[in-house]
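The residues making up each chain are set out below.
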Amino acid sequence: MPSLIDERLDRLAAALEGSKLRFATAESCTAGQLAAALGGHAALGSHLERGYVVYSVDAKCETLGIERAQAERCGGVTMEVTAELASAALRESRADIAIAITGFCGPQEDDEEVGLVHIAWRGEGRGGETTFHFGDIGRRQVLDRAVAEAIDLMEKIAA
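Reading the values: rules and limits
- Residues numbered from 1 in each chain as written.
- Predicted model: local features only at pLDDT ≥ 70, side-chain atom pairs only at ≥ 80, totals over all residues.
- Heavy atoms only, no water.
- Helix = DSSP H or I, 4+ residues; strand = E, 2+ residues; numbered from the N terminus.
- Polar contact = N/O pair within 3.5 Å; in protein donor to acceptor, adjacent residues only side chain to side chain.
- Contact = heavy atoms within 4.5 Å.
- Core = buried A, V, L, I, M, F, W, Y, C linked by side-chain atoms within 4.5 Å.
- Buried < 20%, exposed > 50% of the residue type's maximum accessible area, 1.4 Å probe, protein only.
- Salt bridge = Lys/Arg side-chain N within 4 Å of Asp/Glu carboxyl O.

K.L.:
Where do I start with the side chain of Asp152 in this structure?
P.N.:
Of note, Asp152 is situated in helix 6 (residues 139-158). At 2.9 Å, the side chain of Asp152 and the side chain of Arg11 are in polar contact. Not counting residues up to four positions away in its chain, the partners in contact with Asp152 are Arg8 and Arg11.

As structure tokens, this is what we get:
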């Protein structure tokens, strides 16, 4: 039985059929799972230009040039940081669209909101941001939901 992510990947592949659109990912909490899902799908691998795993604050700053003071606020999980990651991934790649994901998947540390996920995208002179509050549904479930929502967003962009 296909998973939630597999079904969405198939829909994205159908939306991209005949397209040359290329994506870059900048992933924090999902640690490259979106890029791996794209690369693992036979019809989508050619649409993945590159993926950045920027899990730590240092990685966000050193790899994609996020301002350290900004990245250190809330452990690098703010919509502002997410939007900057998308902009930087687009600028540093040869992709048409960049998708960035940050969030807190659990377990809870300090005052983090477990299940909070930010997704931002940039490309073709446009962009957008969205925030999800999945709740404390378990680390694996938060990661899967974040990747699934990013794939849904990519399908909408491709349409």
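Now that the structure is up, let's keep going.
K.L.:
How should the nonpolar core be read in this particular structure?
P.N.:
Note on soluble globular proteins: their nonpolar side chains tend to be buried together. Counting 31 residues, the largest nonpolar core has Leu34, Ile99, Ile101, Val117 and Ile119 as the members making the most contacts within it. Residue assignment for this core shows that the elements contributing at least two residues are helix 1 (4-16), helix 2 (33-40), strand 3 (97-103), strand 4 (116-123) and helix 6. In terms of residue count, helix 6 provides more of this core than any other element does, 10 residues in total. Residues contacting Ile101, with those up to four places away along its chain left out, are Ala26, Glu27, Ser28, Cys29, Thr30, Leu34, Thr82, Val117, His118, Ile119, Ala146 and Ala150. Ala59, Ile66, Ala100 and Ala120 belong to the second largest nonpolar core, which has 21 residues in total.

K.L.:
Could you clarify how one ought to interpret the pattern of salt bridges in this entry?
P.N.:
Side-chain pairing between opposite charges can occur once the charged atoms of the two side chains come close. What the rule picks out here adds up to 10 salt bridges. Where Asp144 meets Arg140, a salt bridge forms, and the shortest distance between an N and an O atom there is 2.9 Å. Of this pair, Asp144 and Arg140 both sit in helix 6, separated by 4 residues, roughly a single helical turn. Three or more residues joined by partner-sharing salt bridges are found here, namely Arg8, Arg11, Asp152 and Glu155.

K.L.:
Just to check I follow, could you spell out unusual backbone geometry for this structure?
P.N.:
Phi is mostly negative for residues that are not glycine, and the peptide bonds are mostly trans. For the peptide bond that leads from Gly106 to Pro107, omega is 0°, which places it in the cis range. Its location among the elements puts Pro107 in the loop between strand 3 and strand 4. Of note in the backbone geometry, Ala31 takes a positive phi value of approximately 50° without being a glycine. Here Ala31 shows up in the loop between strand 1 (23-27) and helix 2. Relative accessible area serves as the criterion here: at 39%, Ala31 is assigned to the partly exposed category. At Glu124, a position not held by glycine, the phi torsion is positive, near 50°.

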